[in-house]
Structures are given as C-alpha cells and as structure tokens.
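# A look at the structure
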Amino acid sequence: MTVSRSTQSTYRPIPLRIGLILAAVLTVGGALPAVLDIGFDGSGWDIVVVLVAVASPIIALATLVLVPLSWNGRRGTSIGIIALEIAAILPALPPFFHAPGELPAAAPISAAIGITLNLLTVGLIAAGMRRTG
C-alpha cells in the first residue's frame, strides 16, 4: 500500500492562529488608548502623540484586514502581519526615552510587556505560516 503525500508545504495552524488572534487583540487594544486618550502637555512629545494617534489605528485596521487572509497560512499576508506587529512596537518606545522621574515607574514596565507580547506574536505567526506560497 502506498501513502500519498500532499505536494503542498505543511504549516502549523495552531501557533499561526493563536498568533493571528493575539495580533488582532494587541493592535486593537493598542489603538484604542492612542486615539481616545490624546493629551497634549505643551512638551516636545506632542508630535509623537499625534503620530501615534494616526499610526495606531492604521496598523490596527491593516492587521484586521490581513488576519482573515492569513488564517490558512498564506505566506505573503502573514509576513505583512509580522511587519505590522513590528511597526506596532514603535509607539511603545517613548517611555524608554523620557528622563527618569517624568513618568511613573509602571510606564516602561508596561511598555516592555507589550513589546514582549508583540514579539511573541511575531514568533507564533512565523512558526505557523507556510514555508512557500
């Protein structure tokens, strides 16, 4: 008896789908405060606040559009989500550039947790996507 093998490359749907769900939740969760909680204080960081308020919803919308297209492991759209997740890390970086004492101690800690979750998402999607196609 012969065993037929599919010519399609294999992929791991569980890590991929966990990563896609995490990507959607993290980007929408990161976009909401950026848009709803805009606060200007007259400092030089106001331009960063505006850029984050513009970029975060765009990243979230693009991620939400690409998640269903990547659900079955498509390589191109999965790489697109990986790029968006890396871009979503950028708004979390400002707490690391403030002088000590300007922000509460929880700001860099929560930013580090968010960055770690985004990198975990990138790893899950990369591990689960198809290798070709």
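Bear in mind the structure is a predicted one, so any value in this text is a computation, not a measurement. (Residues numbered from 1 in each chain as written. Predicted model: local features only at pLDDT ≥ 70, side-chain atom pairs only at ≥ 80, totals over all residues. Heavy atoms only, no water.)

Turning to the overall build of the protein chain, a few remarks are in order. Broken down by element type, the protein chain carries four helices and zero strands. Order of helices (α) and strands (β) in the protein chain, N terminus to C terminus: α-α-α-α. Classification of the 133 residues of the protein chain by burial places 28% in the buried group. If you sum the accessible surface of the protein chain, you get close to 8200 Å²; carbon and sulfur atoms cover 72% of it. (Helix = DSSP H or I, 4+ residues; strand = E, 2+ residues; numbered from the N terminus. Buried < 20%, exposed > 50% of the residue type's maximum accessible area, 1.4 Å probe, protein only. Areas by Shrake-Rupley, 256 points an atom, 1.4 Å probe, with all protein chains shown as cover.)

The next thing to look at is helix H1 (residues 13–36). The end-to-end C-alpha distance of H1 is 34 Å, a good match for the 34 Å that 24 residues give at a rise of 1.5 Å each. Taken residue by residue, H1 has Leu16, Gly19, Leu20, Ala23, Ala24, Thr27, Ala31 and Ala34 as its buried positions. Its buried side turned inward, H1 meets helix H2 (46–70), helix H3 (75–89) and helix H4 (106–128). (Expected span 1.5 Å × (residues − 1). Contact = heavy atoms within 4.5 Å.)

This part covers a nonpolar patch on the surface. Together, Val28, Leu32, Val35, Leu36 and Leu64 line one region of the surface with nonpolar side chains, adding up to about 440 Å² of accessible area. A total of four residues in the nonpolar patch trace back to one element, the largest contributor, which is H1. Considering the arrangement of structural elements, one finds leucine 32 in helix H1. (Patch = residues over 30% accessible without salt bridge, like charges linked within 9 Å, V, L, I, M, F, W, Y side chains within 5 Å. Salt bridge = Lys/Arg side-chain N within 4 Å of Asp/Glu carboxyl O.)

To continue, consider the environment of isoleucine 14. Within the fold, isoleucine 14 resides in helix H1. Residues isoleucine 14 and leucine 124 lie 110 residues apart in sequence; the distance between their C-alpha atoms is 8.9 Å.

Between H2 and H3, the least distance of the axes is 9 Å, while the angle of their chain directions is 155 degrees. By the angle between their directions, the pair H2 and H3 is classed as roughly antiparallel. H3 is crossed by H2, and the crossing has left-handed handedness. Across from Ile59, Ala62, Thr63, Leu66, Val67, Leu69 and Ser70 in H2, the residues of H3 making contact are Thr77, Ser78, Gly80, Ile81, Leu84, Glu85, Ala87 and Ala88. Its residues assigned to classes, the contact of H2 with H3 comprises nine nonpolar, five polar and one charged. (Axes fitted to C-alpha atoms, helices over the stretch in contact; angles between N-to-C directions. Parallel < 35°, antiparallel > 145°, perpendicular 65-115°, else oblique. Left-handed = near helix turned anticlockwise from the far one by under 90°. Nonpolar A, V, L, I, M, F, W, Y, C, P; charged D, E, K, R; others polar.)

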